[in-house]
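# Topology and contacts: notes
The chain contents come next:
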Amino acid sequence: MMRFGALAAVVLLLAGPAMAQSETERAGPPPQATCDQPVIMVVTGLTLDRERMGQYARAIAESKIYEELGGYYLNIPRTLEIFDGTEDPRHTTLNVRFPCLENARAFWYSKTYQETILPLRQNPSAGDYSVRVYPEAPLREDMVGKVGDNTFVSEFPADGVEQIER
């Protein structure tokens, strides 16, 4: 039997894009106790300047902002094999897991990211990327006990990360 939280996640997945959020919902992260629905930030597109993207990646690592907000990479963004489609050596996909949407937002809208890190890959653009955030799928019943349980065992409060004005 599927847990209620997992069922709610499936319903949200099937419902499609959410309606526009109110100013209150966008104002900042909720109390940490509600940060319990992991999300995956998917960055995909074409890398145009590998050297500058390397500087950008180093800046993210050195800032420790992922660690502060519980974000971590789920993959190494290098293709191992292509099963369908055509090869473009510039194409990359990177998946970053966060404990909740609020922490992914806290990363993206942090003063550190927006004012120090993001400019490293802009003007001119070092890559043509799309950045989207998806809810993590619930764990299938038959996988319980065989893989991770879709939870974080540590808290990563987002309220200490300075934000830009939105």
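Note that residues are indexed from 1 along each chain, following the sequence as it is written. Residues qualify for local features only when their pLDDT is at least 70, as the model is predicted, and side-chain atom pairs are given and counted only at 80 or more; totals for whole chains, interfaces and linings, by contrast, use all residues. In computing side-chain values, all of the structure's heavy atoms are included and hydrogens and water are not.

## So, the sheet that holds strand β1 (residues 39-47)
Applied cut-off: Strand pairing is assigned whenever DSSP identifies at least 2 bridges connecting the two strands. Here a strand is any run of E in DSSP of at least two residues, a helix any run of H or I of at least four, and the numbering for each starts at the N terminus.
Read from one edge of the open sheet, four strands run β2-β3-β1-β4, paired in antiparallel fashion. Two strands lie at the open edges of the sheet, namely β2 (72-73) and β4 (127-135), each paired on one side alone. Where β1 and β4 come together, nine bridges link them in antiparallel fashion. Bridge pairing in β4 links Thr44 to Ser130.

## Details of helix α3 (residues 50-63)
What counts, and what does not: What a helix should span is 1.5 Å times the count of its residues minus one. A 1.4 Å probe rolled over the protein chains alone gives each residue an accessible area, and that area as a share of the maximum for its type sets the label: buried under 20%, exposed over 50%, partly exposed in between. Each direction from the helix axis to a C-beta atom contributes to the arc, which is the arc of those directions. Pairs of residues are marked as contacts when any of their non-hydrogen atoms sit within 4.5 Å.
With 14 residues, α3 should cover 20 Å at 1.5 Å per step; its first-to-last C-alpha distance of 20 Å lies within 8% of that length. The complete set of buried residues in α3 reads Arg52, Met53, Tyr56, Ala59 and Ile60. Down the axis of α3, the buried side of the element spans an arc of 115 degrees, and every buried residue falls inside it. Pointing more than 90 degrees away from the buried face of α3 are the exposed residues Arg50, Glu51 and Glu62. On its buried face, α3 is in contact with β1, α4 (65-69), β2, α6 (111-117) and β4.

## A few points about the packing of aromatic side chains
As a reminder, the rule being used: Within 6.5 Å between ring centres, the rings of Phe, Tyr and Trp (the latter by its six-membered ring) count as paired, and their orientation is classed by plane angle as stacked under 30 degrees, edge-to-face over 60, tilted in between.
Going through the model one piece at a time under the given rule, you end up with eight aromatic pairs. Where Tyr66 meets Phe98, the ring centres are 5.8 Å apart and the plane angle is 85 degrees; that geometry is what we call edge-to-face. Here Phe98 lies in strand β3 (residues 91-98) and Tyr66 lies in helix α4, a separation of 32 residues in the sequence. Across this residue pair, the class does not change: Tyr66 and Phe98 are buried. Ring centres of Phe107 and Tyr113 lie 4.6 Å apart, and the angle between their planes is 45 degrees; on these two criteria the pair is classed as tilted. As far as the burial class goes, Phe107 and Tyr113 line up, both buried.

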